[in-house]
Amino acid sequence: MKNCKIFAVANQKGGTGKSTTACNLSNALANAGNRVLCTDLDPQANLSMSLGIDRPDELAITMHEALSATMDGTELAGAGGYILHREKLDLIPCNINLSVSEINLRNELGGERILSELLEPLRSEYDYIVIDTSPSIGMLTINALAACDSVIIPVSPQLWSATGLTDLMQTIYKIKHKINPRIEIEGILLTMCDERTHLYRDAKALLDDFCGDRIRIFDTRIPSTVKVGEANYFSVSVIDLDAKSKAAVAYTELAKEVS
Ligand SMILES: Nc1ncnc2c1ncn2[C@@H]1O[C@H](COP(=O)(O)OP(=O)(O)OP(=O)(O)O)[C@@H](O)[C@H]1O
Ligand SMILES: [Mg+2]
């Protein structure tokens, strides 16, 4: 049996492909025979929706309840009733109530480690746990970084920002020194790529410069394709919608690269 690895998919910049990556990487890892748990740590609930939850706001038990129970030390967390067990992969969904957790975590002693407390006992049940995060570095994202083994950073050439990436690196560095010595950067993933454009080539050159040999850039790049939007529309992964599409093939390659 493998040791469980926990990935946080993070970038405080909005719309860089975090949720798409969390969804499709999880599906690709599950298709390769791994036991996978997806955890949605963004109150926008995009990951939950892309995994088939049409109305997250109608769910009675979500990540918010699981975090609250972990903070209170009550039964819910221990019983694991917050996990939706699926045929292919499991999910801890969330909804807008998770924004209340953000505030509660801020007021809790040791509030940075609550997600870690929730996920650690689950390591024995999964090969991979994938955490989707929100486009901000608040308490929820800090919890994801405190709970993970490594971070996957989706970067879109159109939205390239060296300043944003420097801020994220500094946060990861601080987390490593103060809260989670285990944390590593798994790699930077280029998403929404159109490799024929000047924009792509310029952004890639800047990124290569920024990373040097300190930070890995994945060989796999995710192409820009309308299939991703279609998959979101139908609340499925691109891999389930069309396993042969360019994005599905790329996410399958990414799963091999991180395994
Ligand atoms: N490879 C791709 N090709 C085309 N469109 C894509 C691709 N990946 C993501 N998108 C689209 O870009 C938008 C943002 O993607 P996504 O929601 O995954 O980003 P995010 O980083 O999770 O956003 P947020 O910061 O709001 O959480 C979505 O509309 C999605 O459909
Ligand atoms: Mg998202």
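Scroll up to find the structure this text is about.
Conventions and cut-offs
- Residues numbered from 1 in each chain as written.
- Chains lettered and ligands numbered in written order.
- Predicted model: local features only at pLDDT ≥ 70, side-chain atom pairs only at ≥ 80, totals over all residues.
- Heavy atoms only, no water.
- Buried < 20%, exposed > 50% of the residue type's maximum accessible area, 1.4 Å probe, protein only.
- Helix = DSSP H or I, 4+ residues; strand = E, 2+ residues; numbered from the N terminus.
- Pairing = 2+ DSSP bridges.
- 1 Å grid on protein atoms, 1.4 Å probe; cavity = no way out; pocket = protein on both sides within 12 Å on 5 of 7 lines; lining within 4 Å.
- Points joined across faces, edges and corners; volume = space filled by probe spheres on them.
- Nonpolar A, V, L, I, M, F, W, Y, C, P; charged D, E, K, R; others polar.
- Patch = residues over 30% accessible without salt bridge, like charges linked within 9 Å, V, L, I, M, F, W, Y side chains within 5 Å.
- Areas by Shrake-Rupley, 256 points an atom, 1.4 Å probe, with all protein chains shown as cover.
- Salt bridge = Lys/Arg side-chain N within 4 Å of Asp/Glu carboxyl O.

With that settled, the discussion passes to the pairing of strand β1 (residues 5-9). Note on strand geometry: in a regular strand, side chains alternate between the two faces of the sheet. A large share of β1 lies buried, amounting to four of its five residues. Looking at chain direction, β1 and strand β4 (residues 128-133) are connected through five bridges and run parallel. Among the inter-strand pairings, Val9 is bridged to a residue of β4, identified as Asp132. Of the pairings in the sheet, the one linking β1 to strand β5 (residues 150-155) comprises three bridges and is parallel in character. What sits directly across from Val9, in β5, is Ile152.

Scanning all chains against the criterion turns up one cavity of 30 Å³ or more. Taken as a whole, the largest cavity spans an internal volume of roughly 30 Å³. Surrounding the largest cavity, Thr20, Cys23, Asn24, Val228, Ala231, Asn232, Val236, Ser237 and Val238 form its lining. Every element with two or more residues in the lining of the largest cavity is listed here: α1 (18-31) and α10 (226-233). Residue composition of the lining of the largest cavity, by class: five nonpolar, four polar and no charged.

In this structure, Met192 is a non-glycine residue whose phi angle is positive, near 50 degrees. Of note, Met192 is situated in strand β6 (residues 184-193). Here Ser235, not a glycine, exhibits a phi torsion of approximately 55 degrees, which is positive. Structurally, Ser235 can be placed in the loop between α10 and α11 (238-241).

Take the pairing of β5 next. For β5, the tally of buried residues reaches six of six residues, placing the bulk of the element in the interior. Here β5 shows a buried face lined by Ser150, Ile152 and Pro154 and a second buried face lined by Val151, Ile153 and Val155. In terms of strand pairing, β5 meets β6 through six bridges, oriented parallel. Looking at the pairing, Ile153 lines up with Ile188 of β6.

Nonpolar side chains collect at one region of the surface, where Tyr233, Phe234 and Leu241 lie side by side and expose about 360 Å² of accessible area between them. Along the chain, Phe234 falls in the loop between α10 and α11.

These figures come from the coordinates and say nothing about function on their own.
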